[in-house]
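# Per-entry structural report
Listed below are the residues making up each chain.
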Amino acid sequence: MPAYDPFARFPKAASFTVTSTTVTDGAPWPPEQRSSGLPGGKDTSPQLSWTGAPDGTKSYAVTVYDPDAPTGSGFWHWAVADIPATVTELPEGAGDDTGSQLPEGAYQLPNDARVARYIGAAPPAGHGPHRYFVVVHALDIPSTGVPADATPAILGFTMAGHTLGRAMLIATAETPA
C-alpha cells in the first residue's frame, strides 16, 4: 500500500480523537460500509464520535477520502460541511440520500460519484489494498460558505486555512482479482 499522506502538505493542525462503533482504525471496512455494487455492500456511512477538539472550534466537517484510487486524484466518498460545534457524533447511516440524521445546518456535498451522500468502498478488483481516510476537521468558522453543489476538493481548499484540528482514522478495503 502506498505511503502517500494526503494531509502531509496541509498546515499543521492539533490532533484530537475520533472513534467509531462501526470501524476500527487500521481495519477493513465492514461489508455495510462497502459499495452496494459489491456482495453485502450497503453504502452505509459509519458511526463517528469525537472528543478533545481544540478551543475555538466553531464547526466541523467530515470527509472520507481514498488516496489510492487509480484516478490520479484519489476518490472522495463523503463530505459533510457545517456541522455545529455542539455536535460530537454522527450516527451510522447519517450519510444516506436524505441526510435526515445530520444535525441542523449540516449538509452533504456531492462525492466523486456526483451524489450528495456516502458511497462505500469499492477498489478495483486486483488493485490491492486501499486506505480510506475518515477525518473530522475542527474549524475556526461557523460555516464554510461552500455551496452545497461544490466538490469535496473545494471544501478542502476552503477549510485549509481554517482548520484548528484533525481527528483521523483509516479504514482499508481490497477487492480480490
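Please refer to the structure placed before this passage.
### Quick notes on the pairing of strand S4 (residues 59–66)
Taking burial as the measure, the 8 residues of S4 include 8 buried ones, the bulk of the element. Alternating positions in S4 separate into two faces, Ser-59, Ala-61, Thr-63 and Tyr-65 on one and Tyr-60, Val-62, Val-64 and Asp-66 on the other, with burial throughout. As paired elements, S4 and strand S5 (residues 75–84) share 7 bridges and run antiparallel to each other. What sits directly across from Tyr-65, in S5, is Trp-76.

### What about the packing of aromatic side chains?
Per the counting criterion, the structure on display carries 8 aromatic pairs. Relative to Tyr-118, the ring of Trp-29 lies with its centre 6.3 Å away and its plane at 70°, an arrangement referred to as edge-to-face. Of this pair, Trp-29 sits in the loop between strand S2 (17–19) and strand S3 (48–51) while Tyr-118 sits in the loop between strand S7 (107–108) and strand S8 (130–139), and the two are 89 residues apart along the sequence. We classify Trp-29 as buried; its relative accessible area is 5%. With a centroid separation of 4.5 Å and an interplanar angle of 40°, the aromatic rings of Tyr-65 and Trp-76 are classed as tilted. Residue Tyr-65 is located in strand S4, and its partner Trp-76 is located in strand S5; the two are separated by 11 residues in the primary sequence. Its relative accessible area of 9% is what places Tyr-65 among the buried residues. Since its relative accessible area comes to 16%, Trp-76 is described here as buried. Three or more aromatic residues link up through ring pairs in this structure, and these residues are Trp-29, Trp-78, Tyr-118 and Tyr-132.

### Section: the environment of Glu-174
The topology assignment puts Glu-174 in the segment after strand S9 (163–173). A relative accessible area of 44% means that Glu-174 is categorised as partly exposed. Taking C-alpha positions, Glu-174 is 7.8 Å from Gly-126, a pair spaced 48 residues apart along the chain. The residues touching Glu-174, leaving out its near neighbours within four places in the chain, are Arg-34, Pro-123, Gly-128 and Pro-129.

### Observations regarding the sheet that holds S3
One open sheet accounts for 3 strands, arranged S2-S3-S6; its pairing is antiparallel. For this open sheet the edge positions go to S2 and strand S6 (89–90), each flanked by a neighbour on one side alone. Pairing between S2 and S3: 3 bridges, direction antiparallel. Bridge pairing in S3 links Thr-17 to Thr-51.

### Description of the pairing of S8
Burial within S8 is extensive, with 10 of its 10 residues counted as buried. In S8, alternate side chains face the same way, and those of His-130, Tyr-132, Val-134, Val-136 and Ala-138 on one face and Arg-131, Phe-133, Val-135, His-137 and Leu-139 on the other are all buried. Both S4 and S8 contribute to a ladder of 7 bridges, which runs antiparallel. Within S8, the position partnered with Tyr-65 by the bridge is Phe-133. The pairing of S8 with S9 spans 10 bridges and is antiparallel.

### Examining the sheet that holds S5
Taking strand neighbours across the sheet as the criterion, the 6 strands line up as S1-S9-S8-S4-S5-S7 in an open arrangement whose pairing is mixed. Lying at the two open borders of the sheet, with one neighbouring strand each, are strand S1 (14–15) and S7. As paired strands, S5 and S7 are joined by 2 bridges and run antiparallel to one another. Within S7, the residue paired with Ala-81 across the bridge is Tyr-107. Relative to the sheet, helix H1 (residues 152–159) contacts S4, S5, S8 and S9, its axis offset from that of S5 by approximately 50°.

Here is what the cut-offs are and how they apply
- Residues numbered from 1 in each chain as written.
- Predicted model: local features only at pLDDT ≥ 70, side-chain atom pairs only at ≥ 80, totals over all residues.
- Heavy atoms only, no water.
- Buried < 20%, exposed > 50% of the residue type's maximum accessible area, 1.4 Å probe, protein only.
- Helix = DSSP H or I, 4+ residues; strand = E, 2+ residues; numbered from the N terminus.
- Pairing = 2+ DSSP bridges.
- Phe/Tyr/Trp six-rings, centres within 6.5 Å; stacked < 30°, edge-to-face > 60°.
- Contact = heavy atoms within 4.5 Å.
- Axes fitted to C-alpha atoms, helices over the stretch in contact; angles between N-to-C directions.

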